Amino acid sequence: MGLGVRWTLHGDGRTPAPGAVVKPDERLSWPRTVGLGAQHVVAMFGASFVAPVLMGLDPNLAIMMSGVATVLFLVATRGRIPSYLGCSLSFVGVAAAIRAQGGGSGAVTGAILVVGGVLLLSGLAVRRFGARIIHAAMPPVVTGAVVMLIGFNLAPVTAGTYWPADQWTALLTMLVTGAAVVCLRGFWSRIAIFLGLVFGYAVSWIFDRVFGKIHSVGGGGRITDHWRLDLSAVGKADWIGLPSLHGPSFHWSAVLVALPVVIALIAENAGHVKAVGEMIGDPLDDQLGTAIAADGAATMISTSVGGPANTTYSENIGVMAATRVYSTAAYWAAAGFALLFGLCPKFGAVVAAVPGGVLGGITVILYGMIGLLGAQIWVHNKVDLRNPLNLVPVAAGVIIGVGGVSLKISDNFELGGIALGTIVVLLGYHVLRALAPAHLKRQEPLLDAGTSEYDNERPA
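Residues numbered from 1 in each chain as written. Predicted model: local features only at pLDDT ≥ 70, side-chain atom pairs only at ≥ 80, totals over all residues. Heavy atoms only, no water.

A.B. asks: How do you make sense of the packing of aromatic side chains when you look at a structure like this?
C.D. replies: Counting across every chain of the model gives three aromatic pairs. Measuring from centroid to centroid gives 5.9 Å for Trp7 and Trp30, while their planes differ by 85°, and the two rings are edge-to-face. On the criterion of sequence distance, the pair formed by Trp7 in the segment before strand E1 (8-9) and Trp30 in helix H1 (residues 30-55) is long-range, its members being 23 residues apart. Residue Trp7 is classed as buried on the basis of its relative accessible area of 19%. Trp30 gets classed as partly exposed once you look at its relative accessible area, which sits at 41%. Measuring from centroid to centroid gives 5.7 Å for Phe337 and Phe341, while their planes differ by 20°, and the two rings are stacked. Separated by four residues within a single helix, Phe337 and Phe341 lie in helix H16 (residues 328-342), roughly one turn from each other. (Phe/Tyr/Trp six-rings, centres within 6.5 Å; stacked < 30°, edge-to-face > 60°. Helix = DSSP H or I, 4+ residues; strand = E, 2+ residues; numbered from the N terminus. Buried < 20%, exposed > 50% of the residue type's maximum accessible area, 1.4 Å probe, protein only.)

Written as structure tokens, this is what we have:
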């Protein structure tokens with residue numbers, strides 16, 4: 001496929017045939033492809049702006065570097081893996097811990113840059129030794145749990161931040177978005193998420209005019225009287241301008257706090273590649289190492305100029321699941337939008353003005369769809385959750401990951417959320433497998449069905 005920048009037109013370029021999907025090397029008509037690219041940008045808005053703000057980094061720079069990272073990823077994987085690389089939420093807690101130690105933005109990005117380097121080396125190791133090392137560690141029962149963690153771990157963001165900002169707007173946006181995904185036909189169903197966003201904007205504006213200010217959680221995280229849709233910052237922002245840049249600084253104390261996140265990032269990438277492969281019907285096992293290495297390289301590039309870590313975005317898996325369009329052409333369009341928007345402070349102000357209730361309604365659907373893809377992996381691979389060897393580690397890991405359980409190792413080192421849940425699932429499964437009686441092990445092979453012939457495997 002070369003660099004993966006040549007696509008064949010899918011059907012008439014308008015609508016996929018019933019039951020068909022638009023594969024990564026296919027595309028719809030260019031206007032529809034550009035529209036889908038815009039929808040992917042909309043899907044990553046929330047986390048890609050919220051995460052850098054929480055980390056004390058420039059959200060406009062985060063958007064611009066997400067475009068750079070996406071281009072690098074698409075070229076590295078030669079267009080085989082449709083993916084958007086956005087700001088990783090896994091480092092929000094790390095950034096808070098580093099700043100609590102007295103570290104600044106340079107220390108935060110320096111620590112994350114080192115994590116990116118370790119991730120790059122991990123990906124190269126997978127390329128060298130093959131996908132067997134990932135599959136041996138992450139059979140279907142583990143992979144499905146990790147994908148579920150990635151989606152459902154985001155639920156508290158919706159429940160605790162977005163939805164309470166305006167519950168009625170969130171409810172209406174959720175209903176309209178869900179109805180658009182299911183009931184609309186053709187291209188309109190493909191941009192259902194974007195239509196939900198536009199509807200939410202309109203509802204917020206109408207509610208402001210009819211009911212006045214709302215008493216709820218505002219932009220500063222405090223309960224105040226505020227407008228649902230506040231566009232005052234848009235008029236003050238410039239049309240064109242560079243984001244703020246800064247160089248990284250390196251401190252071992254900060255690096256040690258950040259390193260455990262490598263586990264979550266490898267799990268995110270493996271889960272993403274597995275989920276996308278399941279959806280398009282094309283096993284992407286040979287691309288695992290390349291995907292992980294590209295993610296690490298993209299993170300190093302972003303943090304070297306003051307941006308956040310980038311990772312394959314679970315939000316966009318939900319968009320692909322809803323639209324059945326996996327064309328990488330749409331992701332090239334999304335990367336182009338991100339690069340342009342990153343250079344436009346006024347755009348940043350518009351995105352920052354998206355009402356929390358609107359994001360609440362959209363993310364309820366998207367995050368849930370992501371989590372349920374983990375269940376789809378279990379079903380497809382006939383994982384038997386009646387088997388305690390499967391049930392126990394998955395049950396514990398999912399509750400830890402979804403519930404945000406944390407484990408304090410020391411005053412400066414804490415594991416929690418996806419990272420801790422992943423460790424529990426991974427180590428729990430393999431330790432229990434080593435101790436389990438033979439009849440439990442026979443119910444499921446260690447390696448994924450259809451991917452056990454590793455002797456003939458070649459590095460990606």
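A.B. asks: Explain the environment of Arg209 to me, please; I cannot follow it from the model alone.
C.D. replies: Residue position: Arg209 is located in helix H10 (residues 192-211). On the accessibility criterion, Arg209 (53% relative accessible area) is exposed. Considered as a pair, Arg209 and Trp227 are 18 residues apart in the sequence and their alpha carbons are 9.5 Å apart.

A.B. asks: Whenever I open this one, the pattern of salt bridges confuses me. Can you help?
C.D. replies: When charged atoms on two side chains of opposite charge get close, those side chains can pair. Taken as a whole and judged by the stated rule, the model has one salt bridge. Among the salt bridges present, the one from Arg386 reaches Asp384, with a minimum N-O distance of 3.0 Å. The exposure class assigned to Arg386 is exposed, which follows from its relative accessible area of 73%. (Salt bridge = Lys/Arg side-chain N within 4 Å of Asp/Glu carboxyl O.)

A.B. asks: Any chance you could explain the side chain of Thr328 here in plain terms?
C.D. replies: In this structure, Thr328 sits in helix H16. The exposure class of Thr328 is buried, given its relative accessible area of 0%. At 3.1 Å, the side chain of Thr328 and the backbone oxygen of Pro24 are in polar contact. (Polar contact = N/O pair within 3.5 Å; in protein donor to acceptor, adjacent residues only side chain to side chain.)

A.B. asks: Help me understand the environment of His251, please; the structure alone is not making it clear to me.
C.D. replies: Inspection of the secondary structure assignment puts His251 in the loop between helix H11 (232-236) and helix H12 (252-258). Under the relative-accessibility criterion, His251 is labelled partly exposed at 42%. Each C-alpha atom of the pair His251 and Gly103 lies 8.7 Å from the other, and the pair is 148 residues apart in sequence.

A.B. asks: What am I meant to see in the nonpolar core here?
C.D. replies: Nonpolar side chains tend to gather and get buried jointly when the protein is soluble and globular. One finds Met55, Phe91, Val94, Ile98 and Val142 to be the most contacted residues of the largest nonpolar core, which totals 74 residues. Per-element accounting of this core gives the leading share, ten residues, to helix H13 (residues 261-280). When residues of this core are assigned to domains, at least three map to each of domain 1 (22-134 + 211-353) and domain 2 (383-436). In contact with Phe91, not counting residues within four places along its chain, are Met55, Ile112, Val115, Ala258, Val261, Leu265 and Ala309. (Core = buried A, V, L, I, M, F, W, Y, C linked by side-chain atoms within 4.5 Å. Domains from an automatic or database assignment. Contact = heavy atoms within 4.5 Å.)

A.B. asks: What is the right way to look at unusual backbone geometry in this model?
C.D. replies: Negative phi is the rule for most residues except glycine; trans is the rule for most peptide bonds. Phi is positive for Arg78, close to 55°, though the residue is something other than glycine. The topology assignment puts Arg78 in the loop between helix H2 (59-76) and strand E3 (85-87).

A.B. asks: Can you help me understand the packing of helix H4 (residues 105-129) against helix H14 (residues 288-304) in this one?
C.D. replies: Two quantities define a packed helix pair, namely the angle between the axes and the distance from one axis to the other. At their nearest, the axes of H4 and H14 sit 7 Å apart, and the two run at 160° to each other. It follows from the interaxial angle that H4 and H14 lie roughly antiparallel. Considering how the two elements wind past one another, H4 and H14 form a crossing that is left-handed. Contact residues: H4 offers Thr109, Ile112, Leu113, Gly116, Gly117, Leu119, Leu120, Ser122, Gly123, Leu124, Val126 and Arg127, while H14 offers Leu288, Gly289, Thr290, Ile292, Ala293, Asp295, Gly296, Ala297, Thr299, Met300, Thr303 and Ser304. (Axes fitted to C-alpha atoms, helices over the stretch in contact; angles between N-to-C directions. Parallel < 35°, antiparallel > 145°, perpendicular 65-115°, else oblique. Left-handed = near helix turned anticlockwise from the far one by under 90°.)

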